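# Structure assessment
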2 protein chains.
Amino acid sequence: MSMAEYKGKVKRIQDTPFGYTMSVISGKWKMVIIYLLAENQPVRFNDLKRQIGAITYKTLSSQLKELEADGLVKRKEYPQVPPKVEYSLTDKAETLLPILEDLCEWGVSNQPS
Amino acid sequence: MSMAEYKGKVKRIQDTPFGYTMSVISGKWKMVIIYLLAENQPVRFNDLKRQIGAITYKTLSSQLKELEADGLVKRKEYPQVPPKVEYSLTDKAETLLPILEDLCEWGVSNQPS
DNA sequence: ATAGGTACTACCCGAAAGGATAGTGTAAAT
DNA sequence: ATTTACACTATCCTTTCGGGTAGTACCTAT
C-alpha cells in the first residue's frame, strides 16, 4: 500500500499507518534511546541515563514505558537486590532502524548550517 | 554518516540531523498536508481544508507557515479579489517523499489491528 | 556511620501545541 | 439585499509533553 491509496479515506490520522508510525517514534528522546540500544544492547536503566545525560529519570522512565507498550523495547528484570533491569530492542524495532538511518541521512543533507 | 557516528557527540537533539528531520515532519498534520500536495499540486488553501476536514483554519495556517519556513512548501499568491493562493511542494520536500512512503509502509506492516 | 549505587515513582509546574469560535474586506452569485 | 466564497488572523482555552525535585528500599564500599 502506498500513500496514494489513502486518498479520501483519512478520517483520523491516529488511525492511519502514518499516524501510527509517527506516534511510535515521536517522543523527544525515543530516537536517541533506540539508537543507543542498537549500539550497546542490552543496556541498564542508569547506563542509559548517563549516556543521554540531559534527560531526567521521570522522562526516561516514561519514554521507555511507551516504547515497551509499542513493542519496540524489551524489559528484563533480574530478581536481585539492588535491582537490575536490562533494556533491549525487539525484532519490530530492528525493522525500524533502516528508516531511522534514512531520516538521519536526510537531516545531514538538508539541515541548514 | 550513520547513526553510529553520533556516539558520544549528542548534546542537544535539536542540533542533530535526527532532531532536525523530526522537527520538520512532526506536526500533527504535516504528513497529511505533504501527501495531499504530492497528489494534487498545486492546491489552494480552502481545498486543503476541505480535503483534510478535521483541521481548523488556524492550525492549517500555522502548519503551512512552518512547512514554508522549513523550505518544504512554496506559497504562490495571485493579486486578485477574492484572493487566490496556491501551495505546492519544493524539491527539498520531494526528496522526503520516499522516506514518508517507508514510514507509511512500516505502519501498514506493524500497526496493531 | 555515612555515602553512594540500583531502578524507579509521585507530585507539581511551565511551555507549547493545537482546538473553538468569531471576524476581516471585497466581489460575484442568487 | 443577502448569501457565499476566498484566505486568512485574533483571541481564548484545553490538553499534552516534558522538566524539576524529592523520596523509596535495600545493599555495598569507605
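Conventions adopted
Residues numbered from 1 in each chain as written. Chains lettered and ligands numbered in written order. Predicted model: local features only at pLDDT ≥ 70, side-chain atom pairs only at ≥ 80, totals over all residues. Heavy atoms only, no water. Helix = DSSP H or I, 4+ residues; strand = E, 2+ residues; numbered from the N terminus. Buried < 20%, exposed > 50% of the residue type's maximum accessible area, 1.4 Å probe, protein only. Contact = heavy atoms within 4.5 Å. Areas by Shrake-Rupley, 256 points an atom, 1.4 Å probe, with all protein chains shown as cover. Axes fitted to C-alpha atoms, helices over the stretch in contact; angles between N-to-C directions. Parallel < 35°, antiparallel > 145°, perpendicular 65-115°, else oblique. Left-handed = near helix turned anticlockwise from the far one by under 90°. Nonpolar A, V, L, I, M, F, W, Y, C, P; charged D, E, K, R; others polar. Near = heavy atom within 4 Å. Polar contact = N/O pair within 3.5 Å; in protein donor to acceptor, adjacent residues only side chain to side chain. Phe/Tyr/Trp six-rings, centres within 6.5 Å; stacked < 30°, edge-to-face > 60°.

Helix and strand content of chain A: six helices and three strands. In sequence order, the secondary structure elements of chain A are arranged as α-α-β-α-α-β-β-α-α. Of all 113 residues assigned to chain A, the portion counted as buried reaches 43%. Within chain A, counting contacts between residues at least 6 apart in sequence, those at least 24 apart form 46% of the total. Carbon and sulfur atoms make up 50% of the accessible area of chain A, which totals about 6000 Å².

Our focus in this paragraph is the packing of helix H2 (residues 30–40) of chain B against helix H6 (residues 97–110) of chain B. All names here are of chain B. At a minimum axis separation of 11 Å, H2 and H6 run at an interaxial angle of 120°. Relative to H6, H2 is oriented oblique. At the point where H2 passes H6, the crossing takes the left-handed sense. Contacts from Met-31, Ile-34 and Ala-38 in H2 reach Leu-97, Leu-100 and Leu-103 in H6. The residue makeup of the contact of H2 with H6, split by class, is six nonpolar, no polar and no charged.

With that out of the way, let us pick up the protein's contact with DNA strand C. Neighbouring DNA strand C are 22 residues, the closest being Arg-44, Ser-61, Lys-65 and Arg-75 of chain A together with Lys-28 of chain B. Sugar and phosphate atoms represent 70% of those atoms of DNA strand C found within 4 Å of the protein. With respect to DNA strand C, the side chain of Lys-65 of chain A contributes an N or O atom lying 2.6 Å from a phosphate oxygen. Side-chain polar atom of Arg-75 of chain A to a phosphate oxygen of DNA strand C: 2.3 Å apart, as the coordinates give it.

All chains considered together, the criterion is met by six aromatic pairs over all chains. Ring centres of Trp-106 of chain A and Tyr-20 of chain B lie 6.2 Å apart, and the angle between their planes is 5°; this geometry places the pair in the stacked category. Of this pair, Trp-106 of chain A sits in helix H6 (residues 97–110) while Tyr-20 of chain B is found in helix H1 (residues 17–25), placing the two residues in two different chains. For the pair Trp-106 of chain A and Tyr-20 of chain B, one class covers both residues: buried. Aromatic side chains Phe-45 of chain B and Tyr-57 of chain B sit 6.4 Å apart centroid to centroid with 15° between the ring planes, which places their arrangement in the stacked category. Within this pair, whereas Phe-45 of chain B is found in helix H3 (residues 45–52), its partner Tyr-57 of chain B is found in helix H4 (residues 57–69), the two being separated by twelve residues in sequence.

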